[in-house]
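Read off the chains here:
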Amino acid sequence: MARSMQTLTLGVAIGAAAFAGATFISTADADRKVSVAESGMGFVDVFGIVDQLVMGPEPTAARVAFEAESQQQIEQIQNRNMQIQAEVQTGEVEEERFNELATEFQQNQQIMQNFFQDYQVDMQALVARQISDAYKKVYSTAQAVAGEKNISFVFATRPNSELLQTDSITGVAQEILARPLIAPSSSIDLTAAVREKLGLPEPEDMDASVLEGTVPMAPATPEGGQD
């Protein structure tokens, strides 16, 4: 029975990108010792902003376009195999013709298997590039905001203890790792300032809906396809 690729939760992908422990240090202060108490310390919800960027209109449109093109290609092969099955089922196919059709059918099945595998790799590569580009934007923007506010150390951490992905051990672990710093009360949350500088809307609630964006489903695999 045909199956579809499980959706790739971007929050999970971002969590796996090892943001845990990331620290931004403004270049102006990198070559001198600075007292945190004197210069200040801030933090940014890098995880959340990167996910918001990746789920923006342009990255989403790119993923949808990639999925649509892939679906169109696989449907052409699937339609041909349906034609072969219809011809064979008439019961009026001579043996030589039957063998030709059987060979073509098997070849098409293999092509679809290979296509599906390539699709998974290429889609994940596309998402990875989008995450990387988004991270670079957040990194540079956080540095700019830190400079404006005379903050020397900016940590990448989630701002609260609410775990958004609690349906698996992996999800919980990634949520915890996204909080390498339990921010002291004296630190400054720069998340809103970074989000504003990037032109992103302020989420009304930082709940699971922020991280539930997914990439499109993969084209259906042929029977006997990989799980």
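Cut-offs and rules
Every residue gets a number counted from 1 within its own chain, in the order that chain's sequence is written. In keeping with the predicted nature of the model, local features appear solely for residues at pLDDT of at least 70, side-chain atom pairs appear and are counted solely at 80 or more, and the whole-chain, interface and lining totals rest on all residues. Only heavy atoms go into the side-chain values, all of them from the structure, while hydrogens and water stay out. Under the scheme applied here, a residue whose accessible area is under 20% of the maximum for its type counts as buried, over 50% as exposed, and between as partly exposed, the area being computed with a 1.4 Å probe on protein chains only. Counting from the N terminus, the helices are DSSP H or I runs at least four residues long and the strands are E runs at least two residues long. An arc is given here, and it is the one of the directions from the helix axis to the C-beta atoms. What counts as a salt bridge is simple: a side-chain nitrogen of Lys or Arg found within 4 Å of a carboxyl oxygen of Asp or Glu.

We now examine helix H6 (residues 169-177). Residues of H6 that are buried: Gly171, Gln174 and Glu175. Taken end-on, H6 shows its buried residues confined to a sector of 100°, consistent with a single buried face. For H6, exposure combined with an orientation more than 90 degrees from the buried face picks out Ile169 and Leu177.

A negative phi holds for most residues other than glycine; trans holds for most peptide bonds. Even without a glycine there, the phi angle at Asn150 is positive, about 60°. Assignment of secondary structure puts Asn150 in the loop between helix H5 (95-148) and strand E3 (153-156). Given the relative accessible area of 55%, Asn150 is considered exposed.

With that out of the way, let us pick up helix H3 (residues 46-54). The buried fraction of H3 amounts to nine of the nine residues, a majority that puts the element mostly inside the structure. Taken together, the buried positions of H3 are occupied by Val46, Phe47, Gly48, Ile49, Val50, Asp51, Gln52, Leu53 and Val54.

Moving on: the pattern of salt bridges. As enumerated under the stated definition, the model contains seven salt bridges in all. Taking the shortest distance from any N to any O, the salt bridge between Glu104 and Arg80 comes out at 2.7 Å. Taken together, the residues span a long stretch of sequence, with Glu104 in helix H5 and Arg80 in helix H4 (residues 57-89) at a distance of 24 residues. On the basis of relative accessibility, which here comes to 25%, the residue Arg80 falls in the partly exposed class. Here Arg195 makes a salt bridge to Glu202, at a shortest N to O gap of 3.2 Å. Taking the relative accessible area as the measure of exposure, Arg195 reaches 2% and is therefore buried. Through salt bridges with shared partners, one network takes in Glu87, Arg97 and Glu100.

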